[in-house]
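# A closer look at the structure
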Amino acid sequence: MCTMHNKNHLLLFAIIQCVVTTVILCINFQFFTNGFKSLFKLLPNMDTLVAMGSAASFGYSLYALLAMTVSEHPEHYLHEFYFESAAMILALITVGKMLEARAKGKTTDALRGLMKLAPQTATIVEGD
């Protein structure tokens, strides 16, 4: 049986997870706007997948948090939180996009360097 003191600690733990995840969701809100716009246009893309995955894990965790507040046995809901999954999906995709942009920038710089090596003029020799 869960005491009121223990229940308060469990609720505090869940609320802290919720708040931290909400901040991460707000920072990465462009995934949701782009993803759901694409979904409604029936042209889903990677942002749609990220938005749906994060929204599903966050939504289910909110449900578990609300169920925990009214339950006499809140410890049963302790393993039903997926706030960290919602945050990690967004964090890893954001890091991946950052690394991709960095790699594209380096590739562009390398191509510019190669283009500078090309001669400005050429001599055409016809015949022998």
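In this report, the structure presented in the accompanying data block is examined. Only a predicted model underlies this, so the values are computations on that prediction, with no experimental measurement involved.

### Description of helix 3 (residues 46–70)
- If you check helix 3, its first and last C-alpha atoms are 37 Å apart, about what 25 residues at 1.5 Å a residue would give, namely 36 Å.
- Every buried residue of helix 3 is accounted for by Asp-47, Thr-48, Val-50, Ala-51, Ser-54, Ser-57, Phe-58, Ser-61, Ala-64, Leu-65, Ala-67 and Met-68.
- Its side-chain oxygen 3.0 Å from the backbone nitrogen of Asp-47, Asn-45 forms the N-cap of helix 3.

### Description of the packing of aromatic side chains
- Tallied over the entire structure, the rule returns seven aromatic pairs.
- Pairing Phe-29 with Phe-32 gives two aromatic rings, centres 6.2 Å apart and planes at 35°, and the pair type is tilted. On the criterion of helical spacing, the pair formed by Phe-29 and Phe-32 is a turn pair, its members being three residues apart in helix 2 (residues 29–40).
- Of the residues examined, Phe-29 reaches a relative accessible area of 48% and is grouped as partly exposed.
- By relative accessible area, which is 12% here, Phe-32 ends up buried.
- The interplanar angle of 65° and the centroid separation of 5.5 Å between the aromatic rings of Phe-58 and Phe-83 together place this pair among those described as edge-to-face.

### Some words on the side chain of Ser-71
- Position of Ser-71 relative to the elements: it lies in the loop between helix 3 and helix 4 (83–117).
- Once residues within four sequence positions are removed from consideration, Ser-71 is found in contact with Lys-7 and Tyr-77.

### A closer look at the side chain of Asp-47
- Here Asp-47 is to be found in helix 3.
- Asp-47 sits in the buried class, given a relative accessible area of 10%.
- Sequence-distant contacts of Asp-47, that is, excluding residues within four places in its chain, are made with Phe-31, Asn-34, Gly-35 and Lys-97.

### Some words on the packing of helix 2 against helix 3
- Viewed as axis vectors pointing N to C, helix 2 and helix 3 meet at an angle of 110°, and their least axial separation amounts to 7 Å. Judged by the angle between their axes, helix 2 and helix 3 are roughly perpendicular. You can see that helix 2 and helix 3 cross each other, and the crossing is left-handed. For the pair formed by helix 2 and helix 3, the contact residues are Phe-31, Phe-32, Asn-34, Gly-35, Phe-36, Ser-38 and Leu-39 on the first element and Asp-47, Thr-48, Val-50, Ala-51, Met-52, Ser-54 and Ala-55 on the second.
- Here the residues of the contact of helix 2 with helix 3 sort into eight nonpolar, five polar and one charged.

### With respect to the pattern of salt bridges
- On inspection of all chains with the given rule, the structure shows three salt bridges.
- Residues Lys-104 and Glu-100 are paired through a salt bridge, measuring 3.7 Å at the closest nitrogen-oxygen approach. Highlighted residues: Lys-104 and Glu-100, both in helix 4, separated by four residues, approximately one helical turn.
- Given a relative accessible area of 52%, Lys-104 falls into the exposed group.
- Overall, the relative accessible area of 42% leaves Glu-100 in the partly exposed class.
- The partner of Arg-112 in a salt bridge is Asp-109, with the nearest N and O atoms 3.7 Å apart. In this pair, Arg-112 and Asp-109 are both assigned in helix 4, three residues apart and thus about one turn of the helix distant.

Definitions and limits used
Residue positions are given per chain, counted from 1 along the sequence in the order it is written. Reporting in this predicted model follows two pLDDT cut-offs: at least 70 for local features of residues, and 80 or more for side-chain atom pairs to be given and counted; totals over whole chains, interfaces and linings ignore these cut-offs and use all residues. Processing note: side-chain calculations cover all non-hydrogen atoms of the structure and skip hydrogens and water entirely. Helix and strand definitions follow DSSP, with helices as H or I runs of at least four residues and strands as E runs of at least two, each counted in order from the N terminus. Working rule for helices: expected span equals 1.5 Å times residues minus one. Per-residue accessibility, obtained with a 1.4 Å probe over protein chains only, is compared with the maximum for each type, and a residue is labelled buried under 20%, exposed over 50%, and partly exposed between these values. Identification of polar contacts relies on pairs of N or O atoms within 3.5 Å, with a donor-acceptor requirement for protein atoms, meaning one able to donate a hydrogen and the other able to accept it, and with residues adjacent in sequence counted only if both atoms are side-chain atoms. What counts as a ring pair is set by centres within 6.5 Å for rings of Phe, Tyr and Trp (its six-membered ring), and what kind of pair is set by the plane angle: stacked under 30 degrees, edge-to-face over 60, tilted for all other angles. Residues count as neighbours in contact if any of their non-hydrogen atoms are within 4.5 Å of one another. Between N-to-C directions, angles span 0 to 180 degrees; the directions come from axes that are lines fitted to C-alpha atoms, helices contributing only their stretch in contact. Throughout this description, any angle smaller than 35 degrees is read as roughly parallel, any larger than 145 degrees as roughly antiparallel, any in the 65 to 115 degree range as roughly perpendicular, and the remainder as oblique. Handedness of a crossing is defined here by the sense of rotation of the near helix relative to the far one, left-handed for an anticlockwise turn of less than a right angle and right-handed for a clockwise turn. Residues are grouped as follows: Ala, Val, Leu, Ile, Met, Phe, Trp, Tyr, Cys and Pro are nonpolar; Asp, Glu, Lys and Arg are charged; all remaining types, including Gly, are polar. Definition used for salt bridges: Asp or Glu carboxyl oxygen within 4 Å of a side-chain nitrogen of Lys or Arg.

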